[in-house]
Amino acid sequence: QVPSLHAALELVRAIDRPGMVGINADLLHLMRSGGTIAELAAAAAEGAILYGQVADGPALAPENLDHEASSERLLCGDGAFDITGFVRALPPGCGISIEIPRDHAVGPEDAETRARRAVEGLRRVVRDQFDVDREPAPRREVGGEAADLGVHRVARLVGRIAQVDRELDLPRDD
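Conventions adopted
- Residues numbered from 1 in each chain as written.
- Predicted model: local features only at pLDDT ≥ 70, side-chain atom pairs only at ≥ 80, totals over all residues.
- Heavy atoms only, no water.
- Helix = DSSP H or I, 4+ residues; strand = E, 2+ residues; numbered from the N terminus.
- Buried < 20%, exposed > 50% of the residue type's maximum accessible area, 1.4 Å probe, protein only.
- Contact = heavy atoms within 4.5 Å.
- Areas by Shrake-Rupley, 256 points an atom, 1.4 Å probe, with all protein chains shown as cover.
- Core = buried A, V, L, I, M, F, W, Y, C linked by side-chain atoms within 4.5 Å.
- pLDDT = per-residue confidence, 0-100.
- Pairing = 2+ DSSP bridges.
- Axes fitted to C-alpha atoms, helices over the stretch in contact; angles between N-to-C directions.
- Arc of directions from axis to C-beta.

Within the protein one finds 7 helices and 5 strands. Its helices and strands in sequence order give the protein the pattern α-β-α-α-β-α-α-β-α-β-β-α, from N to C terminus. The buried share among the 174 residues of the protein stands at 41%. A separation of at least 24 residues holds for 72% of the contacts in the protein among residues at least 6 apart in sequence. When the accessible area of the protein is evaluated, it comes to approximately 9400 Å², of which 52% is carbon and sulfur surface.

So this is what it looks like as structure tokens:
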């Protein structure tokens, strides 16, 4: 098991296969290992982040981190993590998945209901935390071209959520 973003970066750098070997950034693991969104953004700028997994969790870590990771993840918006900051820190074009909570977070719900609640939670957090009129899109040079990491990134995520909504036939609230 790789214990931190720093350790994962060391491995990726040693392998030296940019775009082929990289990090699956998991927000819960990032927070529990003492990592920061700023460190994630720096790793993304380096090209080391290939995928992101989003879930929420309480600010204070429980005693059993393995149990939390496997069974106590929270729905987006039900915890204290900076989900929008995490999404913004991922590189443009990076795949994102929503970790679907189990056990106490969802109770006896079936898989489809869990998926719906996970998508709705992420949609709510992204819309509630990101105000296009208030916050300008941060920019970063990627491959010699400027890439929007604010409005563009979150708009693409909302587009992906809408695609999942259609696939699950979720009602839209916009």
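Following the structure, the description resumes.
By size, the foremost hydrophobic cluster in this structure holds 30 residues, and its most contacted members are Leu40, Ile49 and Phe86. When neighbours within four sequence positions are excluded, Phe86 is seen to be in contact with Ala25, Asp26, Leu27, Leu30, Ile37, Leu40, Gly52, Gln53 and Val54.

Most peptide bonds adopt trans geometry, and most residues besides glycine take a negative phi value. Residues other than glycine seldom take positive phi values, yet Asp16 does so here, at roughly 55°. You can see Asp16 is positioned in the loop between α1 (5-15) and β1 (23-26). Given the relative accessible area of 55%, Asp16 is considered exposed.

Note that Val87 resides in helix α5 (residues 83-89). In sequence terms Val87 and Gly52 are 35 residues apart; their C-alpha atoms lie 8.0 Å from each other.

One rule of thumb: low pLDDT means the predicted coordinates there are not for detailed reading. When pLDDT is averaged along the protein, the result is 78; 70% of the residues meet or exceed 70. Across residues 131-155, where pLDDT falls below 50, the model places 46 contacts with residues more than four positions away in sequence or in other chains.

Pairing is parallel in the open sheet, where 3 strands are placed in the order β1-β2-β3. Where the open sheet ends on each side, the last strands, each with one partner, are β1 and β3 (95-98). Put simply, the sheet's adjacent strands are angled 20° from each other on average, direction ignored. In terms of strand pairing, strand β2 (residues 49-54) meets β3 through 4 bridges, oriented parallel. Each bridged residue has a counterpart across the sheet, and for Gln53 the counterpart in β3 is Ser97.

Okay, helix α3 (residues 37-45) next. Three or more residues of α3 are buried, namely Ile37, Leu40, Ala41, Ala43 and Ala44. With its buried residues spanning 160° around the axis, α3 presents them on a single face. Of the residues flanking the end of α3, it is Gly47, one or two places downstream, whose phi is positive at about 85°.

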